[in-house]
Amino acid sequence: MTSHAVSDTLALTGRSLRHVLRSPDTIITTALMPIAFMLLFVYVFGGAIDTGQGAGAGSYVNYLLPGILLITIASGISYTAYRLFLDVQGGIVERFSSMPIGRSAVPWAHVLTSVVANVVSLVIVVGVAFLLGFRTGAGVLAWLAVAGVLVLFTLALTWVAVIPGLTASSVDGASAFSYPLIFLPFLSSAFVPTESMPGPLRWFAEHQPVTAIVDTIRALFTEQAVGSQFWVALAWTVAILLVAFVTANLIYRRRLA
Amino acid sequence: MSALAREPAADPAIGIQGLRKSYGDLQVLRGVDLNVARGKIVALLGSNGAGKTTTVKILATLLAPDAGTATVAGAEVTTDAATVRERISLTGQFAAVDEILTGRENLTLISRLRHLPNPREIADDLLARFSLTEAGSRRVATYSGGMRRRLDIAMSLVGDPEVIVLDEPTTGLDPQGRREVWDAVRKLAAGGTTVLLTTQYLEEAEQLADRIAILHEGRIIVDGTLVELKNLLPPAEVEYVEKQPSLEDVFLAVIGHTNQTDTDQTDQKERR
C-alpha cells in the first residue's frame, strides 16, 4: 500500500486542483482582500505612518508587502478547510478510506493543493505590489529564501486549517477560524513599527510569530542581514507545523482512516 | 427456527460472527452473525437505528468492532484491512460522487486510485453499462438523483471487487430512480458479484434479494429466503386469507410489532 502512497496523493491532488481551476474565484477572492488592504494602506493610511529609519527605507509599499503576503496565506488556507469539510460531509472521504489507497493521501492532497493555490495568489499579489511601486534589489537567493519562508508558512497554516476542515459542524465554522489569523498581522510589525505601540500590545507584537516572519522577509527584500529574527521565525513556523500536523493526523486517523 | 438453519457456507463472501459495537452506553450491535454466500444478493433489512450502517462500516474497515470477527472474501477486517479494501467496495448512504468533476472524471479517478491500467477505457465501459455515456462529459452537479446513484454504483464496480456493499441505495430516490438502481443491482448479480444491500424498504428486499436477514435491536433475528420467511407465519393463515402475507407482514411479526389495523393476523402475532 505504501508503494502507491505517492501516486494516490498525486491522483487526489489532481482532483482538488481541478476544483480550484473550475472555481477560479477561490484564487481571486484570496488575492482580492490583501490587494484591497494594500491599496488602503498605501494610498489612505500610508502617508500618515512613520516607518522610521532603516526598517523599510523607500516607499511604504516596500514596508507593507511582507505582512500583506502573510494575510494572503491566512485567507487562502480557509478554502482548504472549506473543501475538506465538503469532502467529509459528502461522504467521498469515506469512499476513499474504504479503498486500498495510502492512508495519508487524502489530507496530503488537500495540503498540496493549498500550497499550489496559495503560490498562485501570492504571485498575483506581488505582481500588483510591483504596479503600486514595490521595488527590491533582492537577488535570486533572497527571492528563493522568501519563497521558502512563505511556502513553509503556508504548509504550517494549511495543516492548522485541516483541523477545522475535519471537525467543523458547518461550512461557516470550517472557514471562520481563519479570521483571527488574518488579523494577527495588524498586531505585529507588518503595518507600523512595534515601537509605536503601547506597552502590553508592543510586548505581544514583538513576541508573536508574524513579527519575526515579517521582519525576516523585509530584511531579505531590503538586502539586509536576516539576523536572529530568521531563527525565531523558523522556530515558530516549524513548531506550528509540527503541532498542527500531529493534531490533524490524530483526528483524521481517529475519525476517518 | 429450524426451517431457517443457516446454509453451511464453507467459504462465504462475507462471514460475520458475534459482532459487537457500542457508542458510549448505546449498544448498536449486540452479537451479529451473518454469512453471505458468493454470488448472492443478500438484503439486510431493518428499521432506522437497527445497526445496518454500523455493520456495513465495519465490513468496509471504516469502523473497528468492539468484539467479534468479520471476514470479506477470506480476509479479516481488523487484522488484514488492506486486503479487505482490495476485495470490497462500499456505496454509502449518500451518493459519494464528486459534483465538480464529470462522470467520466469520477470513474477515471477511482480507476487510478485502484491502480488499474487504462483508466479511460474502464470509465467508458462503465458509463456505457450504466447508460451514462451521453452524460459522461457533463459535471455531476447537473445529474438527476437516479443518475448520481448509478454513477455512485458504477464507481463501486471499478476494478471488479468481489463484494459490493450498498447502504440504502434507493433512499431519497423517486420511483423512476429506484427502478434504475434496481436494474443496476440485478445486472451486478447476473455478473456473479456478491451484493450485500441494506434497506428499510421491504419491497426492495422482496424484489432483489436471494436471502433476507432482518437486523433488529443489534441482532440478526431472521435469516432466510423470502419463501422461508413467509413460512414463518403458520400456514393456517393461507387458508382464510386470500392474499399471501407480504414481506411487510413477516417483518412486523418477527420484530414483535402488533399491527393495529390488520385484525386478521392478530392471532398469529399473539401466538409468537
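Before reading on, note that the structure itself is shown above.
The present account deals with the structure reproduced in this document. Here the structure is a predicted model, which means the values were calculated and not measured.

### Considerations on the pattern of salt bridges
Applying the stated criterion to the full structure yields 18 salt bridges over all chains. Two residues, Glu 105 of chain B and Arg 22 of chain A, come together in a salt bridge whose shortest N-O distance is 2.7 Å. Residue Glu 105 of chain B is found in helix α3 (residues 103-113), and its partner Arg 22 of chain A is found in helix α1 (residues 5-22); the two belong to separate chains. On the basis of relative accessibility, which here comes to 16%, the residue Glu 105 of chain B falls in the buried class. We classify Arg 22 of chain A as partly exposed; its relative accessible area is 27%. Here Arg 150 of chain B makes a salt bridge to Glu 180 of chain B, at a shortest N to O gap of 3.0 Å. Taken together, the residues span a long stretch of sequence, with Arg 150 of chain B in helix α5 (residues 145-157) and Glu 180 of chain B in helix α6 (residues 175-190) at a distance of 30 residues.

### Describing the sheet that holds strand β7 (residues 163-167) of chain B
Residues and elements named next belong to chain B. One open sheet accounts for 6 strands, arranged β6-β7-β8-β3-β9-β10; its pairing is mixed. Both outer strands of the open sheet, β6 (88-91) and β10 (219-224), are each paired with one neighbouring strand and no more. This sheet shows a mean twist of 15° between the axes of neighbouring strands, independent of strand direction. In terms of strand pairing, β7 meets strand β8 (residues 194-199) through 5 bridges, oriented parallel. In the strand pairing of β8, Val 163 is matched with Thr 194.

### Concerning the sheet that holds strand β1 (residues 14-23) of chain B
Hydrogen bonding along the main chain pairs the strands of a sheet, whether they run parallel or antiparallel. Residues and elements named next belong to chain B. The antiparallel open sheet is built from 4 strands, whose spatial order is β2-β1-β4-β5. In this open sheet, the two strands that pair with only one neighbour each are β2 (26-36) and β5 (75-76). With 8 bridges connecting them, β1 and β2 associate as antiparallel partners. Residue Ile 16 lies in a different strand from β2, and its bridge partner there is Leu 34. Along the sheet face, helix α1 (residues 52-59) touches β1, β2 and β4 (67-72) and points at about 120° away from the line of β1.

### What about unusual backbone geometry?
Residues and elements named next belong to chain B. Look at Thr 61: it is not a glycine, yet its phi comes out positive at around 65°. Among the secondary structure elements, Thr 61 is positioned in the loop between α1 and β4. Exposure remark for Thr 61: the relative accessible area of 9% places this residue in the buried category. Phi at Ser 131 is positive, roughly 50°, even though this residue is not glycine. Mapped onto the fold, Ser 131 is located in the loop between α4 (119-129) and α5.

### Focus on the nonpolar core
By size, the foremost hydrophobic cluster in this structure holds 73 residues, and its most contacted members are Leu 12 and Phe 96 of chain A together with Leu 107, Ile 212 and Ile 214 of chain B. A total of 6 residues in this core trace back to one element, the largest contributor, which is α5 of chain B. When near neighbours in sequence (up to four residues on either side) are disregarded, Phe 96 of chain A contacts Leu 12, Arg 15, Ile 101, Arg 103 and Val 106 of chain A together with Leu 109, Ile 110 and Leu 113 of chain B. Formed by 46 residues, the second largest nonpolar core is a distinct cluster that contains Phe 37, Ile 73, Leu 157 and Val 210 of chain A.

### Regarding α1 of chain B
Residues and elements named next belong to chain B. Counting buried residues along α1, 6 of its 8 residues qualify, which places the element largely inside the surrounding structure. Regarding α1, the residues found buried are Lys 52, Thr 54, Thr 55, Val 56, Ile 58 and Leu 59. Positive phi shows up at Thr 61, right after α1, with a value of about 65°.

Conventions we followed
- In every chain, residue numbers begin from 1 and rise along the written sequence.
- Whichever chain is written first becomes A and whichever ligand is written first becomes 1, with later ones labelled in order.
- This being a predicted model, a pLDDT of at least 70 is required before a residue's local features are given, and a value of 80 or more before pairs of side-chain atoms are given or counted; all residues contribute to the totals for chains, interfaces and linings.
- The side-chain quantities take in all heavy atoms of the structure and omit both hydrogens and water.
- Whenever a carboxyl oxygen of Asp or Glu lies within 4 Å of a side-chain nitrogen of Lys or Arg, that contact is scored as a salt bridge.
- Where helices and strands are cited, they refer to DSSP runs of H or I of at least four residues and of E of at least two residues respectively, numbered from the N terminus.
- Here's how the labels work: a residue is buried when its accessible area is under 20% of the maximum for its type, exposed when over 50%, partly exposed in between, all with a 1.4 Å probe on protein chains only.
- Two strands form a pair only when DSSP identifies at least two bridges running between them.
- In this analysis an axis means a line fitted to C-alpha atoms, helices contributing only their contacting stretch, and an angle means the value between N-to-C directions, from 0 to 180 degrees.
- Contact criterion: two residues are considered in contact whenever any of their non-hydrogen atoms come within 4.5 Å of each other.
- Take the buried residues of types Ala, Val, Leu, Ile, Met, Phe, Trp, Tyr and Cys, join any two whose side-chain atoms come within 4.5 Å, and each joined set is a nonpolar core.

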